[in-house]
Amino acid sequence: MSDEILSHISPGHSDNINFFGVINVDVEAELAKLDIGGWRPLRPAQLRELGVTP
């Protein structure tokens, strides 16, 4: 691969990559956060944008 092409794709960002291959998720805790309709609550920043105070 030429250096010109590599300059467009390198260096790759790897902050969101788990190099160990294991992701632990507490499914029950995540499901408990959902409301009756199955939606997650809005984050405080999103509430502020909507003009609603948390």
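Everything numeric here is computed off the predicted structure, so don't read it as measured data. (Residues numbered from 1 in each chain as written. Predicted model: local features only at pLDDT ≥ 70, side-chain atom pairs only at ≥ 80, totals over all residues. Heavy atoms only, no water.)

(A) View of the overall build of the protein. The number of helices and strands found in the protein is 3 helices and 0 strands. The order of helices and strands in the protein, counted from the N terminus, is α-α-α. For the protein, the residues scored as buried account for 2% of the 54 residues in total. Counting every atom, the protein has about 5600 Å² of accessible surface; 59% of that belongs to carbon and sulfur. (Helix = DSSP H or I, 4+ residues; strand = E, 2+ residues; numbered from the N terminus. Buried < 20%, exposed > 50% of the residue type's maximum accessible area, 1.4 Å probe, protein only. Areas by Shrake-Rupley, 256 points an atom, 1.4 Å probe, with all protein chains shown as cover.)

(B) Structural view of the environment of Leu34. Along the chain, the position of Leu34 falls in the loop between helix 2 (27–32) and helix 3 (44–49). For Leu34, a relative accessible area of 30% gives the class partly exposed. Those residues within four positions of Leu34 in sequence are excluded, and the remaining contacts are Trp39 and Arg40. (Contact = heavy atoms within 4.5 Å.)

(C) How the structure looks around the pattern of salt bridges. Tallied over the entire structure, the rule returns 1 salt bridge. Two residues, Lys33 and Glu30, come together in a salt bridge whose shortest N-O distance is 3.1 Å. For Glu30, a relative accessible area of 38% gives the class partly exposed. (Salt bridge = Lys/Arg side-chain N within 4 Å of Asp/Glu carboxyl O.)

(D) Spatial organisation of a nonpolar patch on the surface. On the surface, a nonpolar cluster with roughly 410 Å² of combined accessible area is contributed by Ile23, Val25, Val27 and Leu31. As for its position among the elements, Val25 is in the loop between helix 1 (3–9) and helix 2. (Patch = residues over 30% accessible without salt bridge, like charges linked within 9 Å, V, L, I, M, F, W, Y side chains within 5 Å.)

(E) Summary view of the confidence of the model for the protein. On average, residues of the protein score 78 in pLDDT, and 78% of them are at 70 or above. Ranking the helices and strands of the protein by mean pLDDT puts helix 2 first, with 91, and helix 1 last, with 72. (pLDDT = per-residue confidence, 0-100.)

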